Amino acid sequence: MRLILEPRAAPPVWAKWAAPFAALAVTGLIGAIIFALLGKPPIESLRVMFLDPLLDPLSLEDVVVKSAPLVLIAVGLVFAYRSNNWNIGAEGQFVIGGLIAGGLAVAAAGGGASGPWLIVAMLAGGALGGIAWGAIPALLKIRFGASEILTSLMLVYVAEKILDYLVRGPWRDPKGFNFPQTISFEGWARLPTLGDGRFHIGIVLTLAIALFAAFVLARTLYGFSIRTFGESPRAARFAGFSPAKVSLSAFAISGGLAGLAGAIEVAGPIGQLQPSISPGYGFTAIIVAFLGRLSPIGCIFAGLALAVSFIGGEQAQILLNIPLDLTKVLQAVLLFAILGADALTRFRPRLIRSAGAAV
Amino acid sequence: MSFAEALLLSVVTAAMPLMLAALGEMVAERSGVLNLGVEGMMVMGAVSAFGVAAATGSATLGVLAGVGAGIAMAALFGLIALGLAANQVATGLALTIFGLGLSGLIGAPLVGARREPLPRLEIPWLSDIPLVGKMLFGQDALVYLGALLLALLVYVIRRTRTGLVLRAVGDNPEAGHALGIKVLRVRLLAVLFGGAMAGLAGAHLVLAYTPFWSTGMTAGRGWIALALVVFGAWQPMRVAFGALLFGAVTILQFHAQGLGIGLPSQLMASLPYLATIVALVMIAAAGRKSSAAPAALGREFVLDR
Amino acid sequence: MSESPPEDDTPLVAARGIVKTFGAFTALGGVDLTVKRGEIHALLGENGAGKSTLIKILGGLLAPDAGTITWDGRPVAIDDPATARALGIGIVFQHFALFEALTVAENIALALGPSVTPRNAARLVEALGSEHGLPVPADREVGTLSVGERQRVEILRCLAQKPRLLILDEPTSVLTPQEAADLFATLRRLAAGGCSVLFISHKLDEVRALTSAATILRAGKVVAHADPRRETAASLAAAMVGTEIPELKPAAAHALGPPRLVVDQLASHESDPHAVALKDISLEVRGGEIVGIAGIAGNGQKELFAHLAGERLAERAAMIRIDDRDAGMLGPTERRQLGAAFVPEERLGHAAVPNFSLTDNAFVTRHATSGAARGGLLRRSAARRIADAVISRFHVRTRGPGTEARRLSGGNLQKYVIGRDMIADPKVLVVDQPTWGVDAAAAAAIRQALIDLAAEGAAVLVISQDLDELFQVADRIAVLSLGRLGPARPVAALSRTDVGLAMGGIAAAEAERAHEAAAGAGEGTHAPHS
């Protein structure tokens, strides 16, 4: 007996979009088993983690707020992954974006200056910081052929150390009782909010960017060059598209959006700089990108789904005393499941008997 | 023991987890499989080793548990990336996220516990050689095991049929299949070996290098190990040399203040990561990478009849 | 070697009613094949007739959906390549199944028993080579060998397992006529020793000279069994193709225009040790003529095409001129805007993106020359019009422009990728292996289109390893050998033997390379070229 993967002649289109749902179902099942192993009531835990955040209006708002950075980063990653550029350092680009935005806020407060320009500068600075941080692995890849996977990942650690140094050192709030954090940002250093004040305009911005990205990818020659490089690099070069330009721009877009997301988090929900400003958004966004089928629109829904797991994970910690790390485990299981589901839409697994079978 | 002796000793201790994990990943990559899950396998090895060692009081059982956890993690990777031919990069990333999360989950009750580090086994006479005696002959048992494994790998890869089959599969899996080599079996075994080594690396980290467990304590060492494979041009001796170099960088950062380097500790702590980038760039610029990398690295192989 | 075939006439291998389908496509629809002991048997058929599928089944690489195979009269199940090898079946594939990063000895050691290790392999391999009269450099890495040497390694690797059936898939397509003659001598010697040979080729003269029996496949069915010695090349061709292939219509007499594609001392430096550096290539193609570049694979064709198409840039702009404009430093898009068009050898993954529709594939070469992407926005309707026009003018058989490129047969996709650029009436066309792996009807259509394009005043450069093709379409032929291009001589003044000998310049150059290696770091100092 052995396992053979038989390529399917024509994977049905619906399968591509059904795969995420199958993956979510499998993840739920595995989650239930893990809950049971931890001695928690499986059904109850699943409800707390995945259903309640959607039913309670207040948590639902939390979910939407939490999904914004995930969607924004993932949309950028779509450009990188669709063009075969493996940026896995979005977490670092996010941190640098937040750090630049926070630095501007600290400097402005120190100088007593403020105005609408400040928030614009913070967002633009964050995006530029992300672009710069993302451009490093791209340039090292283009110029020297260094693996962008490893260099982009290494820069995550470097970015985290820099942030840690700044909030404990030069940028620390002098009146903050020695806590490692900056002053709390106020006024024009904060994102304007909508409605009851929980939604910030970063959410609207994220939605607009995702829609625009979908248009760019599907309808412009630039988007075509991205997709062609992902499908067959030789054909893309033959078409006259420059691999260097595509690599650099894909890293700039993914780094820029991650940096913007960092700036939005710092100017929005967090409102100051701390030693850690991300619960791993940059890594979770990789899962969002895959779950969203490497499509900007798909990322919006996938981002909401992963945001549910973050909010639900916090709830489960409070209500059922389930460690937060479980969220990470389930997110990884989800990625495994989506990769497996994709494989099953490409191949039909078949067990064949070896000896003695009629030829 | 003089300061210099202690320094050299600690360099080897710091280098060992990097070397073990990198050698394991090197074998997997030689078979054509890129497993980015080293960090996840290593951290699972560490938490399992510490948990079992703490519960049973036996370091040996701890090491075995670490190796077993690494193998189990590698098997999960094998199931999805080899069995289902999923994208190796994404599967490896998932394995790392999974390992970091799961180790945090299992390790939560272990945080704060301490245990004695592995004893150093001093070889009589030889360990009294000035300066290098302690470094070479005053190490813990796992270091000697590591040295043995290194010698074994050098021999097996170059000189034996097993090594030949491994290299063949990483160069051209389709041709290997046509010759009757069970490509997926070879690749799975190579990946499992990589998992065992990453688990062993985690065990050494938590049993010899630091005597306690903390969440995420591998701190990117798995990723550095991946870079070391490239840096070492897929050659065991060069990989081991690279690991020693990085061990030295790690130790340097601890002693920086003592040496009168006034940089903030966080910037010193980012030194190994920056050094990794520099090493990757240097190797790539020297053009060794393109010719040394296994030709089929990262390419899926589908058994399709 | 002295063992003579057994007296009884049980065939060595007999396949009956073999069926193999891939999705909706039937590759083999009930095929019978019988090979006697010590026989050299030809398997003939057009591209896509099912020859490769059948030998993959014999080699255990594919499982048939139905049918039986007997070996020495006993039914066998060839489940995997290991089983095939254990029976005594050895296959030399068209695309060599060698390990480039391993040495010759290591490659062969892998095919031998587990007692052979890298340590003792070299000695064994040298002994084996002299036994069969196939000398190979045991310690060289396969990646550094010429195509002919690689084939010797692959054949030797098969022979090392003492096969009883040796299968060769188009073995002469990578050889000069002289090398092919040597190969035939080896095969005859093997057959005399009792080994059966299954020989796959579409060169019918070779088949008639070498084989004593033939099975002819067409569209997955056996259409004839024949004794090639008693047939003419024309009768074999008719059986293979089934329908009459139209004769090519030569172009009406037309005056040649000025040179439209000029290559002037083009040279390249290769960082990849396996690539071939181009050396001082000069060439002129005038409007209205077709120039052919002959040569065996791996002599710089890929590198030459990449430089002409702008995928790689020349060192100086004036090294390549298109219609009197320096183009050596321009990228593919700018060269296309000058009126040039390029068709690479690989259809899938180079000329076309396998998973894109034919419409989207129109953008690949036409985004800057058709208005289909004006202002950076994709205009799918415009691209669709291009695809529709190509499909109807070049009779591309497909369900429509929405079909993905990978679903088309080789011949139909080739007609599409050539047609995609040809409907824009290019001033210069460079095409690499225009009919490689294409069925006869499509090949004839493509060659006719090339002739017609030149007749309208375009300069056409055809790079091909198929001498028959070049003699059919080209006005002048030049030979590319180890990165050097010989003079382009009028076809009328050339014989196949001349061209074959020039192609074999590889042997002379190999000596040169050995000399260079012996001289150590003697870079840049090459011996006078013969």
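As shown above, the structure is provided for reference.
In this report, the structure presented in the accompanying data block is examined.

When you go through chain B residue by residue, the secondary structure sums to 14 helices and zero strands. Against the globule reference of 19 Å for 305 residues, chain B gives a C-alpha radius of gyration of 19 Å, in line with a compact fold. With the C-alpha coordinates aligned to their principal axes, the bounding extent of chain B is approximately 65 × 45 × 40 Å. Each of the 305 residues in chain B was classed as buried or not, and the buried ones make up 61%. In chain B, 77% of the contacts between residues at least 6 apart in sequence involve partners at least 24 apart. Carbon and sulfur atoms make up 71% of the accessible area of chain B, which totals about 10,800 Å².

To continue, consider the pattern of salt bridges. Residues and elements named next belong to chain A. Summed over the entire model, instances satisfying the criterion amount to 33 salt bridges over all chains. Note that Glu61 and Arg198 form a salt bridge whose closest N and O atoms lie 2.5 Å from each other. One end of the pair, Glu61, is in helix 3 (residues 57–82); the other, Arg198, is in the loop between strand 2 (193–194) and strand 3 (199–200), with 137 residues separating them in the sequence. In this structure Arg198 comes out as partly exposed when scored by relative accessible area, which is 30%.

On to the sheet that holds strand 6 (residues 89–92) of chain C, then. Residues and elements named next belong to chain C. Strand order in the open sheet made by the six strands is 6-7-8-3-9-10, with mixed pairing throughout. One side of each edge strand has no neighbouring strand; the edge strands of this open sheet are strand 6 and strand 10 (221–226). Going from strand to strand, the sheet's axes swing by 20° on average, the running direction of each strand aside. Relative to strand 8 (residues 196–200), strand 7 (residues 165–169) runs parallel, the two being bridged by five bridges. Note that in strand 8 the partner of Leu165 across the bridge is Ser196. The strands touched by helix 5 (residues 147–160) within the sheet are strand 6 and strand 7, with strand 6 carrying the most contacts at an inclination of about 175°. Against the sheet, helix 8 (residues 233–241) engages strand 3 (40–45), strand 9 (213–218) and strand 10, with an angle of about 35° to strand 9.

To continue, consider the nonpolar core. The biggest cluster of nonpolar side chains holds 386 residues, and the ones touching the most others in it are Tyr81(A), Trp223(B) and Leu187(C). Here this core gets 15 residues from one element, more than from any other, and that element is helix 9 (residues 183–209) of chain B. What Tyr81(A) contacts, discounting residues up to four positions off in sequence, is Trp86(A), Asn87(A), Ile88(A), Ile286(A), Ala289(A), Phe290(A) and Leu294(A).

At the interface, 47 residues of chain A touch 49 residues of chain B. Summed over both partners, the interface of chain A with chain B buries about 4,100 Å², with 81% contributed by carbon and sulfur atoms. Sorting the residues of chain A by area buried against chain B places Leu150(A), Met154(A) and Phe336(A) first, and these three jointly supply 16% of that buried surface. Counting the contacts that link chain A with chain B gives one salt bridge. Where chain A packs against chain B, one counts three residue pairs in polar contact (both at pLDDT 80 or more). For the side of chain A that touches chain B, the secondary-structure elements that each account for two or more residues are strand 1 (2–7), helix 5 (116–144), helix 6 (148–168), helix 11 (281–291), helix 13 (325–346) and strand 4 (347–352) of chain A. Residues belonging to the side of chain A that touches chain B are distributed by class as follows: 35 nonpolar, four polar and eight charged.

Residues and elements named next belong to chain C. Within the open sheet, the four strands sit side by side as 2-1-4-5. Their pairing is antiparallel. Strands at the two margins of the open sheet, each flanked by one partner only, are strand 2 (25–35) and strand 5 (74–76). The mean inter-strand angle of the sheet, taken between neighbouring strand axes irrespective of direction, is 30°. Pairing analysis gives three bridges linking strand 4 (residues 66–71) to strand 5, with the strands arranged antiparallel.

Within the structure shown, the criterion is met by 12 aromatic pairs over all chains. Considering the side-chain rings of Tyr81(A) and Phe290(A), the 5.8 Å spacing of their centres and the 35° angle between planes classify their relative orientation as tilted. Of this pair, Tyr81(A) sits in helix 3 while Phe290(A) sits in helix 11, placing them 209 residues apart in sequence. For Tyr81(A), a relative accessible area of 5% puts it in the buried group. By relative accessible area, Phe290(A) is classed as buried at 8%. Here Phe224(A) and Phe363(C) contribute two aromatic rings whose centre-to-centre distance is 5.4 Å and whose plane-to-plane angle is 65°, an arrangement assigned as edge-to-face. Of this pair, Phe224(A) sits in helix 8 (residues 221–231) while Phe363(C) sits in helix 11 (residues 358–366), placing the two residues on different chains. By the burial criterion, Phe224(A) is buried, and Phe363(C) matches it. Taken together, the ring pairs in this structure connect Phe224(A), Phe241(A), Phe356(C) and Phe363(C) into an aromatic cluster.

This part is about the pairing of strand 10 of chain C. All names here are of chain C. As defined by bridge partners, strand 9 adjoins strand 10 across five bridges and the pair is classed as antiparallel. Opposite Leu217, over in strand 10, you have Val222 as the bridge partner. Joining the antiparallel neighbours strand 9 and strand 10 is a turn of two residues, in which Ala219 adopts a positive phi near 50°.

Our next topic: helix 6 of chain A. Compared with an ideal rise of 1.5 Å per residue, which puts 21 residues at 30 Å, helix 6 of chain A spans 30 Å between its outermost C-alpha atoms and is within 8% of the ideal. Within helix 6 of chain A, 16 of the 21 residues are buried, which leaves it mostly tucked inside the rest of the structure.

All names here are of chain C. The phi angle at Lys162 is positive, at roughly 50°, despite the residue not being glycine. Within the fold, Lys162 resides in the loop between helix 5 and strand 7. On the basis of relative accessibility, which here comes to 58%, the residue Lys162 falls in the exposed class. Backbone geometry at His395 places phi at a positive 50°, although glycine is not the residue there. The topology assignment puts His395 in the loop between helix 12 (380–393) and helix 13 (410–422). For His395, a relative accessible area of 61% gives the class exposed.

On the surface, Val26(A), Leu29(A), Ile30(A), Ile33(A) and Leu37(A) cluster together to form a nonpolar patch covering roughly 490 Å² of accessible area. Its place among the elements puts Leu37(A) in helix 1 (residues 13–37).

This brings us to the interface of chain C and chain A. Counting residues at the interface gives 40 residues for chain C and 24 residues for chain A. Summed over both sides, the interface between chain C and chain A buries roughly 2,400 Å², with carbon and sulfur atoms accounting for 60% of that surface. Our enumeration of links across chain C and chain A arrives at one salt bridge. Its salt-bridge partner being Arg227(A), residue Asp360(C) comes within 4.0 Å of it at the nearest N-O pair. Across the contact surface, chain C and chain A share nine residue pairs in polar contact (both at pLDDT 80 or more). For the side of chain C that touches chain A, the secondary-structure elements that each account for two or more residues are strand 4, helix 10 (332–337) and helix 11 of chain C. Class assignment for the residues of the side of chain C that touches chain A results in 20 nonpolar, 10 polar and 10 charged.

This part is about the pairing of strand 19 (residues 476–481) of chain C. Residue and element names in this part refer to chain C. The buried fraction of strand 19 is high, at six of six residues. The alternating pattern of strand 19 places Arg476, Ala478 and Leu480 and Ile477, Val479 and Ser481 on opposite faces, both of which are buried. Across two bridges, strand 19 lies against strand 21 (residues 489–490) in antiparallel orientation. Among the inter-strand pairings, Ile477 is bridged to a residue of strand 21, identified as Arg489. Both strand 19 and strand 20 (residues 484–485) contribute to a ladder of two bridges, which runs antiparallel. Opposite Ser481, over in strand 20, you have Arg484 as the bridge partner. With antiparallel pairing between neighbouring strands as the criterion, strand 19 and strand 20 make up a hairpin whose turn holds two residues, including Leu482 at a positive phi of roughly 50°.

A few words on the packing of helix 1 (residues 3–30) of chain B against helix 9 of chain B. All names here are of chain B. Direction vectors running N to C along helix 1 and helix 9 enclose 170°, while the axes themselves pass 7 Å from each other. Comparing their axes, helix 9 and helix 1 come out roughly antiparallel. Facing helix 1, whose interface residues are Thr13, Ala14, Met16, Pro17, Leu20, Ala21, Leu23, Gly24, Glu25, Val27 and Ala28, helix 9 presents Ala190, Val191, Phe193, Gly194, Met197, Ala198, Leu200, Ala201, His204, Leu205, Ala208 and Tyr209. Residue composition of the contact of helix 1 with helix 9, by class: 18 nonpolar, four polar and one charged.

Moving on, we get to the side chain of Ser48(B). Residues and elements named next belong to chain B. Within the secondary structure layout, Ser48 lies in helix 2 (residues 38–56). Residue classification places Ser48 among the buried positions, given a relative accessible area of 17%. Here Ser48 is in contact with Ala65, Gly66 and Ala69, once residues within four sequence places are set aside.

Calculation criteria
- Residues numbered from 1 in each chain as written.
- Chains lettered and ligands numbered in written order.
- Predicted model: local features only at pLDDT ≥ 70, side-chain atom pairs only at ≥ 80, totals over all residues.
- Heavy atoms only, no water.
- Helix = DSSP H or I, 4+ residues; strand = E, 2+ residues; numbered from the N terminus.
- Rg over C-alpha atoms; globule rule 2.2 N^0.38 Å.
- Buried < 20%, exposed > 50% of the residue type's maximum accessible area, 1.4 Å probe, protein only.
- Contact = heavy atoms within 4.5 Å.
- Areas by Shrake-Rupley, 256 points an atom, 1.4 Å probe, with all protein chains shown as cover.
- Salt bridge = Lys/Arg side-chain N within 4 Å of Asp/Glu carboxyl O.
- Pairing = 2+ DSSP bridges.
- Axes fitted to C-alpha atoms, helices over the stretch in contact; angles between N-to-C directions.
- Core = buried A, V, L, I, M, F, W, Y, C linked by side-chain atoms within 4.5 Å.
- Buried area = accessible area lost by both parts, 1.4 Å probe.
- Polar contact = N/O pair within 3.5 Å; in protein donor to acceptor, adjacent residues only side chain to side chain.
- Nonpolar A, V, L, I, M, F, W, Y, C, P; charged D, E, K, R; others polar.
- Phe/Tyr/Trp six-rings, centres within 6.5 Å; stacked < 30°, edge-to-face > 60°.
- Expected span 1.5 Å × (residues − 1).
- Patch = residues over 30% accessible without salt bridge, like charges linked within 9 Å, V, L, I, M, F, W, Y side chains within 5 Å.
- Parallel < 35°, antiparallel > 145°, perpendicular 65-115°, else oblique.

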